[in-house]
Amino acid sequence: MASAPSSLCQVCVVLFLASSLGRCSVEQMTWKQDAVIKNAIFHRDLLFTMTDRLSAIDCGRRCSQTENCVSFTFTRHSSSRGACRGHSSSLTSQTPSSTEPGTEAYSFVGKKVWLDPAEQQLQSDWVRKKCATDLDCPADNATCFRNMVCLCLPGYYYSHKGDNCVPECSPADLQTGFMDYPSGLLNSHVLHYVPSGVSLLHCQRYCTRDAVCRAITFVRSSGMCMTHHVTPLDADDVHVCWFPDMTPHFYSQLTCA
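Since this is a predicted model, take the numbers as computed values, not measurements.

**Comments concerning the overall build of the protein**
Argument step 1. Of regular secondary structure, the protein possesses two helices and 17 strands.
Argument step 2. Within the protein, the proportion of its 257 residues that are buried is 44%.
Argument step 3. Summed over its atoms, the accessible surface of the protein is roughly 13000 Å², and 52% of this surface lies on carbon and sulfur atoms.

Dropping the structure here:
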């Protein structure tokens, strides 16, 4: 069967896998629904058949956990159950063995892995070093933040390659690590807002999974989280409010390759 352009419908299965350090990385498996193959059942290169799957997402998760599984079909039998069949070859190259109404076909597109923000440490001799003045922070565009530790000026990205602070970072070079600024609040240009109950790590994860996110604001006392698509260098109306005393507020910005 000749392949044809696939529909825009995608099933994204996000799996949380424990790392050797006891933390988590995030692996997103992406499956694309075929717009042409409908109501078709295949027997060739069949790896498994399960009749108790909840959804196509559940079926995709089962396929991603099965070695050599690259495609699957899902047949809805009721509002809460369906049949899942995983295959080790592409369904577009096969001839259907039979038909069954309500069957959808999906093929594997790819995967992307994000490190937990806590996994990416800043390997630097000067970042977060204790300081008294800016002279104690040798990198360009660095500052002795609150006369306590060396950080990049808010809005500048820490570059892992250069061990310095740069004003711009392309989306492809954004990393999963953050540079944290205590007692800071950016309350505009909000992408995602959770009023309470979130940990700092989960707030950072909201940002690392969003292609346009650049920074977060987090309030430790309440678990409030806001993600942002801008930094203080991006526009004149972007301002971080700095509290005079230490507060539970954090402004954190992604780092750069």
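**Some details on the environment of G82**
Argument step 1. You can see G82 is positioned in strand β5 (residues 82–87).
Argument step 2. Separated by 31 residues in the primary sequence, G82 and T51 have C-alpha atoms spaced 5.8 Å apart.
Argument step 3. Sequence-distant contacts of G82, that is, excluding residues within four places in its chain, are made with M50, T51, D52, R53, F74, T75, R76 and H77.

**With respect to the nonpolar core**
Argument step 1. Grouped together as the largest cluster of nonpolar side chains are 22 residues, with contacts concentrated most on W126, C152, M179 and Y181.
Argument step 2. Looking at this core, the elements that each hand over two or more residues are β7 (142–145), β8 (149–152) and β11 (174–182).
Argument step 3. If near-sequence neighbours (up to four positions away) are discounted, W126 is found in contact with P138, A139, A142, C150, L151, C152, Y158, D163, N164 and C165.
Argument step 4. One finds Y157, C169, F178 and I216 within the second-largest nonpolar core, a separate group that totals 16 residues.

**Some details on unusual backbone geometry**
Argument step 1. Positive phi, close to 60°, is recorded for N39, a residue that is not glycine.
Argument step 2. Along the polypeptide, N39 turns up in strand β2 (residues 24–41).
Argument step 3. Using a relative accessible area of 34% as the deciding quantity, one classes N39 as partly exposed.

**Brief notes about the state of the cysteines**
Argument step 1. Tallied over the full model, the rule gives eight disulfides.
Argument step 2. Note on cysteine connectivity: C63 is disulfide-linked to C69, with sulfurs 1.8 Å apart. One disulfide, between C63 and C69, carries an S-S torsion of -100° and so falls in the left-handed class. C69 matches C63 in its accessibility class, with the two residues each being buried.
Argument step 3. The side chain of C137 participates in a disulfide bridge whose partner is C150; the two sulfur atoms lie 2.0 Å from each other. Across the disulfide from C137 to C150, rotation about the S-S bond amounts to roughly -85°, and the bridge is consequently left-handed. Here C137 is found in the loop between β6 (98–115) and β7, whereas its partner C150 is found in strand β8, with 13 residues between them in sequence. Across this residue pair, the class does not change: C137 and C150 are buried.

**Describing the pattern of salt bridges**
Argument step 1. A full pass over the atoms with the stated rule returns three salt bridges.
Argument step 2. One salt bridge connects D45 with R44, and the closest N-O pair in it is separated by 3.5 Å.
Argument step 3. By relative accessible area, which is 43% here, R44 ends up partly exposed.

**Let's talk about the environment of A40**
Argument step 1. Here A40 is to be found in strand β2.
Argument step 2. Once the C-alpha coordinates of A40 and T73 are considered, the two residues, 33 residues apart in sequence, prove to be 8.3 Å apart.
Argument step 3. Apart from residues no more than four positions distant in its own chain, A40 is found in contact with T73, P96, S98 and T103.

**Observations concerning the packing of aromatic side chains**
The relative placement of two aromatic rings is captured by the distance of their centres and the angle of their planes.
Argument step 1. Taken as a whole, this structure holds four aromatic pairs when the rule is applied.
Argument step 2. Taking 6.1 Å as the distance between ring centres and 65° as the angle between the ring planes, the aromatic pair formed by W126 and Y158 counts as edge-to-face. You can see W126 sitting in the loop between β6 and β7 and its partner Y158 sitting in strand β9 (residues 157–159), a full 32 residues away along the chain.
Argument step 3. Judged by its relative accessible area of 1%, Y158 is buried.

**Topic: the pairing of β7**
Argument step 1. Side chains of β7 alternate between two faces, with A142 and C144 and T143 and F145 buried alike.
Argument step 2. The pairing of β7 with β8 spans four bridges and is antiparallel. Considered in β8, the bridge of F145 is made with V149.
Argument step 3. Once β7 ends, the chain turns through three residues before running back antiparallel as β8, passing R146 with a positive phi of about 55°.

**Here we look at the pairing of strand β15 (residues 224–228)**
Argument step 1. With five of its five residues buried, β15 lies for the most part within the structure.
Argument step 2. On β15, burial covers both faces: M224, M226 and H228 on one face and C225 and T227 on the other are all buried.
Argument step 3. For strand β13 (residues 190–194) and β15, the ladder comprises four bridges, and the chain directions are antiparallel. Across the sheet, H192 pairs through a bridge with T227, a residue of β15.
Argument step 4. Here strand β14 (residues 215–219) hands over to β15 after four residues, with G223 in that stretch at a positive phi of 80°.

The rules we used
Residues numbered from 1 in each chain as written. Predicted model: local features only at pLDDT ≥ 70, side-chain atom pairs only at ≥ 80, totals over all residues. Heavy atoms only, no water. Helix = DSSP H or I, 4+ residues; strand = E, 2+ residues; numbered from the N terminus. Buried < 20%, exposed > 50% of the residue type's maximum accessible area, 1.4 Å probe, protein only. Areas by Shrake-Rupley, 256 points an atom, 1.4 Å probe, with all protein chains shown as cover. Contact = heavy atoms within 4.5 Å. Core = buried A, V, L, I, M, F, W, Y, C linked by side-chain atoms within 4.5 Å. Disulfide = S-S within 2.5 Å. Salt bridge = Lys/Arg side-chain N within 4 Å of Asp/Glu carboxyl O. Phe/Tyr/Trp six-rings, centres within 6.5 Å; stacked < 30°, edge-to-face > 60°. Pairing = 2+ DSSP bridges.

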